[in-house]
Every structure is written in C-alpha cells, then in structure tokens.
Amino acid sequence: MEYIIFFFVMEGCSVLFFYLGFLIWKKERINLIHDYHYTKVKEKDKKAYTSIMGKAMIVIGIGMAISGVIGIFIDSLKSAIPFGITFLIGLCMMIFAQIKYNRGIF
C-alpha cells in the first residue's frame with residue numbers, strides 16, 4: 001500500500017515540477033522564482049536564465065516520475081537513486097544559472 005502512496009506523491013510532485021518548469025522555461029515567468037534569486041539578472045539575460053532554470057525544474061521532475069514508477073516494482077531505496085541523480089543535476093544547473101546571470105547564488 002505504501003508503494004502506491006509513494007507513487008502518487010512522486011507523480012503528483014513531478015507534474016508540479018514539469019508545469020512550473022514549463023512556465024519558467026517557455027513562458028519566461030521569472031516571477032515564479034523568488035525575487036532575490038533574479039534581482040541582478042539583466043533584461044537581456046532573462047531568456048537564458050529562465051531557460052536554464054526551467055529546464056532544471058523539468059530534469060528534477062523527470063527524476064521524480066522515474067522514481068515513482070520504479071518504487072512500485074522495486075521494494076527498496078533503489079527507487080530513490082534516479083531522483084537523487086536528477087536532483088543533483090538540476091541543482092547544479094540552477095547554481096550555474098545563479099552564478100552566471102545573478103552574479104552569485106543569492
């Protein structure tokens with residue numbers, strides 16, 4: 001039973017991350033990111049910044065979706081490995097965008 005709950009929680013969160021990532025990436029909704037993360041982003045860099053941040057959110061969402069599906073079939077913590085890997089990749093992408101376009105993490 002807990003595997004089904006895990007599946008629905010992970011899939012629900014992945015849908016949220018996909019949706020937010022899409023809005024940030026394609027619709028350039030920079031206001032969905034906390035304001036102190038983009039205060040120093042120049043207007044000309046806004047498209048590149050939102051592109052990287054949105055793609056990073058989608059990468060994390062993919063990891064959640066894969067982890068939820070694997071969690072149904074595998075009875076262990078191994079289902080968390082895809083999420084952990086994609087979370088680190090997405091986090092590195094976000095840190096890269098912060099340093100490059102916001103001139104610092106905060």
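Rules used throughout
- Residues numbered from 1 in each chain as written.
- Predicted model: local features only at pLDDT ≥ 70, side-chain atom pairs only at ≥ 80, totals over all residues.
- Heavy atoms only, no water.
- UniProt positions renumbered as here; feature names shortened; annotations may be inferred.
- Helix = DSSP H or I, 4+ residues; strand = E, 2+ residues; numbered from the N terminus.
- Patch = residues over 30% accessible without salt bridge, like charges linked within 9 Å, V, L, I, M, F, W, Y side chains within 5 Å.
- Areas by Shrake-Rupley, 256 points an atom, 1.4 Å probe, with all protein chains shown as cover.
- Salt bridge = Lys/Arg side-chain N within 4 Å of Asp/Glu carboxyl O.
- Buried < 20%, exposed > 50% of the residue type's maximum accessible area, 1.4 Å probe, protein only.
- Contact = heavy atoms within 4.5 Å.
- Lys, Arg positive; Asp, Glu negative; His and termini not counted.
- Charge placed at Lys NZ, Arg CZ, Asp CG, Glu CD.
- Axes fitted to C-alpha atoms, helices over the stretch in contact; angles between N-to-C directions.
- Parallel < 35°, antiparallel > 145°, perpendicular 65-115°, else oblique.
- Left-handed = near helix turned anticlockwise from the far one by under 90°.
- Nonpolar A, V, L, I, M, F, W, Y, C, P; charged D, E, K, R; others polar.
- Expected span 1.5 Å × (residues − 1).
- Core = buried A, V, L, I, M, F, W, Y, C linked by side-chain atoms within 4.5 Å.

The name an unreviewed UniProt entry gives the protein chain is DUF3784 domain-containing protein, with Candidatus Anaerostipes excrementavium as the organism.

A. Expanded view of the UniProt feature "transmembrane region" (unreviewed entry) in the protein chain. Under the UniProt annotation, the feature "transmembrane region" (unreviewed entry) is placed at residues 6-25, 52-74 and 80-99. The distance from the first to the last C-alpha atom of residues 52-74 is 32 Å, and the span holds 96% helix and 0% strand. Measuring from the first to the last C-alpha atom of residues 80-99 gives 28 Å, for a span that is 100% helix and 0% strand.

B. Inspection of a nonpolar patch on the surface at higher detail. There is a patch of nonpolar side chains on the surface, built from Tyr-36, Phe-87, Leu-88, Leu-91, Ile-95, Ile-99, Ile-105 and Phe-106 and spanning about 750 Å² of accessible area. On the secondary structure map, Ile-105 appears in the segment after helix H3 (80-102). Overall, the relative accessible area of 41% leaves Ile-105 in the partly exposed class.

C. Local environment of the environment of Lys-46. Positionally, Lys-46 belongs in helix H2 (residues 46-73). Classification of Lys-46 by relative accessible area gives partly exposed; the value is 22%. On a C-alpha basis, the gap between Lys-46 and Glu-28 in space is 7.7 Å, while along the polypeptide they are 18 residues apart. In contact with Lys-46, not counting residues within four places along its chain, are Glu-28, Ile-30 and Val-41.

D. Fine view of a positive patch on the surface. Together, Lys-40, Lys-42, Lys-44 and Arg-103 line one region of the surface with positive charge. Mapped onto the elements, Lys-40 comes out in the loop between helix H1 (2-25) and H2. Given the relative accessible area of 38%, Lys-40 is considered partly exposed.

E. Main features of the packing of H1 against H2. In the contact formed by H1 and H2, the axes pass within 7 Å of each other and the chain directions differ by 165 degrees. Taken together, H1 and H2 sit at an angle that is classed as roughly antiparallel. As for how H1 packs across H2, the hand of that crossing is left-handed. In the contact of H1 with H2, the residues fall into 20 nonpolar, nine polar and two charged.

F. Representation of H3. With 23 residues, H3 extends 31 Å between its outermost C-alpha atoms, agreeing within 8% with the 33 Å of an ideal straight helix rising 1.5 Å per residue. For H3, the complete set of buried residues consists of Pro-82, Thr-86, Gly-90, Met-94, Ala-97, Gln-98, Tyr-101 and Asn-102. Against H2 lie the buried residues of H3.

G. Region of interest: the nonpolar core. Counting residues in each nonpolar core, the largest one holds 15 residues, and the members touching the most others are Ile-24, Ile-33, Tyr-49, Met-53, Met-94, Ala-97 and Tyr-101. Of all the secondary-structure elements, those providing two or more residues to this core are H1, H2 and H3. The biggest single contributor to this core is H2, with seven residues. Excluding residues within four positions of it along the chain, Met-53 makes contact with Ile-24, Ile-33, Met-94, Ala-97 and Gln-98.

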